[in-house]
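Okay, here's what each chain looks like letter by letter:
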Amino acid sequence: MTQMLAFSILVLILFIGEIVSIRTRAWIPSMFISAVLFLIGYWTFFPADIVALAGVPSGVAVLLIYLLITNMGTLLSLNELKAQWRTILIALAGIAGIVAALFSIGTLLFDFQTVVVAIPPLVGGVVSALIMSEGAQAAGLPTLAVFAIVIYVMQGFAGYPLTSIMLKREGRNLLKKYRNNELTERKLVEEQPASPEEELREPKMFARMPEKYNTDFFKFTRLAFVGYLAYLVSTLAAPVVEISPFVLCLFFGVVGRSIGFLERHPLQKANAFGFAIMGLLLFIFDGLKNATPSMMLEIVYPLIACIVIGVAGMYVFSFIMGKILKISKEMAFAVSLTALYGFPADYIITVEVINALTKDAKEREVLMSHMLPPMLVAGFITVTIVSVVLAGIFVGFL
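Everything in this summary refers to the structure shown in the same document. (Residues numbered from 1 in each chain as written. Predicted model: local features only at pLDDT ≥ 70, side-chain atom pairs only at ≥ 80, totals over all residues. Heavy atoms only, no water.)

1. Quick look at the side chain of asparagine 71
Turning to step 1, where the next piece is worked out: When you line up the elements, asparagine 71 lands in helix α4 (residues 58–73).
Turning to step 2, where the next piece is worked out: A relative accessible area of 0% places asparagine 71 in the buried class.
Turning to step 3, where the next piece is worked out: There is a polar contact of 3.2 Å between the side chain of asparagine 71 and the side chain of histidine 265. (Helix = DSSP H or I, 4+ residues; strand = E, 2+ residues; numbered from the N terminus. Buried < 20%, exposed > 50% of the residue type's maximum accessible area, 1.4 Å probe, protein only. Polar contact = N/O pair within 3.5 Å; in protein donor to acceptor, adjacent residues only side chain to side chain.)

2. Things to note about the pattern of salt bridges
Turning to step 1, where the next piece is worked out: Tallied over the entire structure, the rule returns 4 salt bridges.
Turning to step 2, where the next piece is worked out: The residue arginine 179 makes a salt bridge to glutamate 363 at a minimum N-O spacing of 2.9 Å. Here glutamate 363 lies in helix α20 (residues 361–394) and arginine 179 lies in helix α10 (residues 156–179), a separation of 184 residues in the sequence.
Turning to step 3, where the next piece is worked out: Here glutamate 363 falls in the buried class, since its relative accessible area comes to 10%.
Turning to step 4, where the next piece is worked out: Across the salt bridge formed by glutamate 263 and arginine 222, the nearest N and O atoms sit 2.6 Å from each other. Of this pair, glutamate 263 sits in the loop between α14 (245–258) and α15 (266–269) while arginine 222 is found in helix α13 (residues 216–237), placing the two residues 41 residues apart along the sequence. For the pair glutamate 263 and arginine 222, one class covers both residues: buried. (Salt bridge = Lys/Arg side-chain N within 4 Å of Asp/Glu carboxyl O.)

3. Concerning unusual backbone geometry
Turning to step 1, where the next piece is worked out: In this model, histidine 265 sits at a positive phi of 55°, which is unusual for a non-glycine residue.
Turning to step 2, where the next piece is worked out: In this structure histidine 265 comes out as buried when scored by relative accessible area, which is 6%.

See below:
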């Protein structure tokens, strides 16, 4: 298969996912459809390295992750991060629900090692899945080594549609309040990103520099520098404490925007955001090549049971925490569900739902300000931080 044929097929799959999402008004998220089509492709005629063949090898994907996460940080302010403490508590409660449900109900159905291997990939991303897979392999448990990868690959099939449903309900409730003037204009303005006038003055550090020099490459240079700082700090801190460079990218992106070194959404202004998202999505779906039909048949029962039990526990605990913190059950559950997929799916699904709910630009801004920040913060807390910590602890139980 030639490079351009591989690339054409893959972007066509992403486009089909978007069409279905648009036609169903986000009831069926594009991520879900794309994942299904990728799975069918790998089971039929896709070469195993089709993503790398199309021009997105792992090295490029990692680069895009650095740029995208740093870019996402510019969408949040320090005040916004402080304001999301409720989100963090709800996300942690959701993870606690998964752990509690699987260690109580799950151990009645499966052996202890199966439950231990299932939890970190279920609440996290590829790093935690790889840690548990390698740990199971080293412990002489080859089936569980495969199970760790497959549960990571398949958990999104539950997370994507559930999140879409919850966000649509939350969005309708917010729109109703806004249209009834129950959400005051003053409150919304405080939560909005910078005004157009402020956008023109960004970044403040380079306010006196002629605009003609603020080229796309200059935007990339500053974004890359901030990403490198995150990597450098992570490396220097490694002998003392393990901090994911991606977590630091988010934080450094926030700081870079706050001090005026980065403008808001630099990738979009450099006309590169869509391409970066596309590359990262292809890399994520590349993980489906490991989920062969024989593997799926062998572990289908524990796979489905662990996901169902875990999601049920997540819902109960997030509902309770949401009640305590006076957050709607829909938003609380949506925030917790980010553990099943993380970034960029949390961003994509939220934007899809908002676009499906209203065509009015102001209403979209209102929904974005209420729904996107907690989804982004929750995704980084669950997938990037907590899941890796859990994997480091649980791998010692094998």
